[in-house]
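Structural features, examined
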Amino acid sequence: MAMKKNVDINEFVVVKQGNDVIENKYTWADLDKAQTKLWYAMMAATALLLVVIFGILRPNFKFAYTASSSMVPTLSVGDLALYGPVVSDIERGDIVLFNPENPTEQASILTGGKVYYEKRVIGLPGDTVSLADGVVYVNDEALDEPYVVFNTDPANTMYRDMPEIIVPEGEYFVMGDNRDNSADSRYWGFVPEANLVGKATAIWMSFEKQEGEWPTGVRLSRIGGIH
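Described in the following lines is the structure provided in the data block. Owing to the predicted nature of the structure, the values given are computational and were not obtained by experimental measurement.

About the thresholds
- Residues numbered from 1 in each chain as written.
- Predicted model: local features only at pLDDT ≥ 70, side-chain atom pairs only at ≥ 80, totals over all residues.
- Heavy atoms only, no water.
- Pairing = 2+ DSSP bridges.
- Helix = DSSP H or I, 4+ residues; strand = E, 2+ residues; numbered from the N terminus.
- Phe/Tyr/Trp six-rings, centres within 6.5 Å; stacked < 30°, edge-to-face > 60°.
- Buried < 20%, exposed > 50% of the residue type's maximum accessible area, 1.4 Å probe, protein only.

Looking at the sheet that holds strand S8 (residues 128–132)
One open sheet accounts for four strands, arranged S10-S9-S8-S11; its pairing is antiparallel. The two strands at the open ends of the sheet, each matched to only one other strand, are strand S10 (141–142) and strand S11 (162–166). Pairing of S8 with strand S9 (residues 135–138) involves four bridges; the strand directions are antiparallel. Across the sheet, the residue bridging to Val129 is Val138, located in S9.

Re the environment of Val121
Relative to the helices and strands, Val121 resides in strand S7 (residues 117–123). For the pair Val121 and Arg92, spaced 29 residues apart in the sequence, the C-alpha separation amounts to 5.3 Å.

Some points on the packing of aromatic side chains
Each aromatic ring pair is specified by the distance between its two centres and by the angle formed by the two planes. Here the structure, examined in full by the defined rule, presents six aromatic pairs. On the numbers, 5.9 Å between centres and 45° between planes, the contact of Tyr117 with Trp188 is tilted. Taken together, the residues Tyr117 in strand S7 and Trp188 in helix H2 (residues 185–188) connect sequence positions 71 residues apart. When its relative accessible area of 1% is taken as the criterion, Tyr117 is described as buried.

So, the pairing of S9
By the alternation rule, side chains of S9 split into Val136 and Val138, which are all buried, and Val135 and Tyr137, of which none is buried. Connecting S8 to the next strand, S9, in antiparallel fashion are two residues, including Asp133 with a positive phi near 55°. Of the strand pairs in this sheet, S9 and S10 are connected by two bridges, and their pairing is antiparallel. Looking across to S10, one finds that Val138 is bridged to Glu141. Linkage of S9 to S10, two consecutive antiparallel strands, is achieved through a turn of two residues, within which Asn139 is found at a positive phi near 55°.

Put into structure tokens, the structure is as follows:
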């Protein structure tokens, strides 16, 4: 935990507990240790709460831990998203969790560490889909995609164009919101309806984290609905 700069860690500080003022008992070092213990206690309580929620919702819902940056900014590495069962028709723009046929990037769910993918549905069965300079056309109409981001590295722009294809019946065309950093239907084809596991409903918890590193904190500001 952060401590005030340019202070003697052995210097006593005045602490107020209720109506009592305590002097010459606690040092800056003591306060720093207490803050560190509090931070770990809050992390442990958060983890316990998530376990309880997971146990209650597990029969019908899945918690997917985002380990890939392919859905940035909608889903960031460290987000814990809740996916509800697919009980209604999938709509264009839905974010879905599915079993990949040939996984090529990190993406895992907490249940046993099984690999799943999180992507956004772009093409529905029977749709025609094409790309021109990064713009997605569905049934000859350009999609309005305010959630999409692109990479400025020219080496990652080769998949911004795609000739028109027709989405087969019973399958879906999906893409990541981080458009130049996503392995998706442009690479490995369509997603069979039978492979769908759930639809995203909300971000239940978010940990401050980079790919391949341990969490360093909690991002409460990211908790909420997914669009």
